[in-house]
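# Per-entry structural report
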Amino acid sequence: MKFKTIFILFNIVVFFSFLVVTLMPFFMLGGVYSQGFFKDSWYLFLIFVLAIGSIDIYFIINWKMFSLLESENWDNLVLYLEKSIYEKKNIYRHLVKILANTYLIKSDMTGITKLEEFLRKEKPGLVKKMVIPLSVPGFMDGDPEKMEVFFGEFINIKGVNNEVWVRFLYSFSLLLNNKRDEAANSFLILCNSKVPAILKLLVIYSLNPFVELDNNGKFDCVGVGRKELSLTYKREKMEMELDSIKDNVLVLVLNKFSKEAIDWLYKE
């Protein structure tokens, strides 16, 4: 459905809903009693009108952006957002997130790097809200040292979005960097924590090579986790779990690894 149509239908529905709510006291209580009701409750109607007005103003202000999104005009959307963020300094999280995702759609890793550098200079607090999308260029470069440094910056600090995924990716970068003991210890934090099912699977699959060298039960969570997941989730459901987090862009990058983990989980 077209964005313009949705906007018009929304306002029509809201208008008639407001009309019904406004007239209902008159029909139910009569003219005399309804006057008292309106006198005591007028502020509720004002709040309602202001709330709806604010929503409409938001959509009107961002009309061009929503129209470009709807038409999938990525080139012009990038130009619009870059002007808004870089030139007008409208450094709002939702705009930054849309720009980062648009760069990803266009496979513009240079654009993401530029965005990260800009945020670190102009609004560094927003970087920890955007760790995963901003990390894609480094991940695509395949440099485990850079990945370790990047993700390591956001370990054990407050306010990081997708904190458990950041921990996993940091652990994974340690593993790629041949820091096996550090990687194992970092993975174990997740292995012994309550995390989403698909993440738990990736963690225990990553730790599985360490199990044969375990003489003191340090990696017991791998066998326990594998049994629990295989009994709780049928293969189809686990694959649905993977599909449900496709907004996590690095899960797409790790898509092959994720599928290997699912094959391992249900291996006879």
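Refer to the structure presented above.
Report on the accompanying structure. (Residues numbered from 1 in each chain as written. Predicted model: local features only at pLDDT ≥ 70, side-chain atom pairs only at ≥ 80, totals over all residues. Heavy atoms only, no water.)

## Thoughts on the state of the cysteines
Under the convention used in this document: Count a disulfide wherever a pair of cysteine sulfur atoms falls within 2.5 Å. Strands are runs of DSSP state E lasting at least 2 residues, helices are runs of H or I lasting at least 4, and numbering of each runs from the N terminus. Relative accessibility decides the category of a residue: with a 1.4 Å probe and only protein chains considered, values under 20% of the type maximum give buried, values over 50% give exposed, and everything between is partly exposed.
This model, assessed by the stated rule, comprises 1 disulfide. Each sulfur in the disulfide pair C191 and C221 lies 2.1 Å from the other. Around the S-S axis, the bridge from C191 to C221 shows a dihedral of about 120° and counts as right-handed. Within this pair, whereas C191 is found in helix 9 (residues 180-191), its partner C221 is found in helix 11 (residues 220-232), the two being separated by 30 residues in sequence. Taken as a pair, C191 and C221 share a single burial class, namely buried.

## Digging into the packing of helix 4 (residues 93-105) against helix 5 (residues 109-122)
For any two helices packed against each other, the geometry is given by the interaxial angle and the distance between the axes. To keep things clear, this is the line we draw: Here the axes come from fitting lines to C-alpha atoms, over the contacting stretch only for helices, and the angles between their N-to-C directions go from 0 to 180 degrees. Convention used here: angles under 35 degrees read as roughly parallel, angles over 145 as roughly antiparallel, angles from 65 to 115 as roughly perpendicular, and any remaining angle as oblique. The hand of a helix crossing depends on one turn: near helix anticlockwise from the far one by less than a right angle means left-handed, and clockwise means right-handed. By the convention used here, residues are in contact when the closest approach between their heavy atoms is within 4.5 Å.
Taken N-terminus to C-terminus, the directions of helix 4 and helix 5 make an angle of 155°; their axes are 8 Å apart at the nearest point. Considered as vectors, helix 4 and helix 5 are oriented roughly antiparallel to each other. When you trace helix 4 past helix 5, the crossing you get is left-handed. In contact with V96, L99, A100, Y103 and L104 of helix 4, helix 5 contributes M109, G111, I112, L115 and L119.

## A closer look at the pattern of salt bridges
How we decide: Between Lys or Arg on one side and Asp or Glu on the other, a salt bridge is scored when a side-chain nitrogen of the former is within 4 Å of a carboxyl oxygen of the latter.
Inspection of the entire model under this criterion finds 7 salt bridges. R235 is the salt-bridge partner of E239, the closest N and O atoms lying 3.1 Å from each other. Linking E239 with R235, this pair stays in helix 12 (residues 235-244), spanning 4 residues, or about one helical turn. On the basis of relative accessible area, E239 is assigned to the partly exposed category, the value being 33%. For R235, a relative accessible area of 29% translates into the label partly exposed. The salt bridge partner of D263 is R235, with a shortest N-O separation of 2.3 Å. With a gap of 28 residues between them, D263 in helix 14 (residues 255-265) and R235 in helix 12 connect regions that are remote in the sequence. Look at the salt bridges and you will find they share partners, linking E116, R120 and E153 into a network.

## Some thoughts on the packing of aromatic side chains
To keep it simple, the criterion reads: Ring pairs shown here join Phe, Tyr and Trp side chains whose ring centres sit within 6.5 Å, with only the six-membered ring taken for Trp; geometry is labelled stacked below 30 degrees between planes, edge-to-face above 60, and tilted in between.
In total, this model carries 11 aromatic pairs according to the counting rule given. Judged by centre distance (5.4 Å) and plane angle (85°), the ring pair of F150 and F151 falls under edge-to-face. By the burial criterion, F150 is buried, and F151 matches it. Consider the rings of F168 and F187, whose centres lie 5.7 Å apart with planes at 55°: the pair is tilted. With F168 in helix 8 (residues 163-176) and F187 in helix 9, the pair connects residues that are 19 residues apart, well separated along the chain. These aromatic residues form a ring-pair network of at least three members: W165, F168, F172, F187, Y205, F257 and W264.

## Brief notes about the environment of G159
Relative to the elements of secondary structure, G159 occurs in the loop between helix 7 (144-152) and helix 8. Separated by 33 residues in the primary sequence, G159 and L126 have C-alpha atoms spaced 9.7 Å apart. If we skip the residues at most four places from it in the chain, G159 touches K128 and K129.

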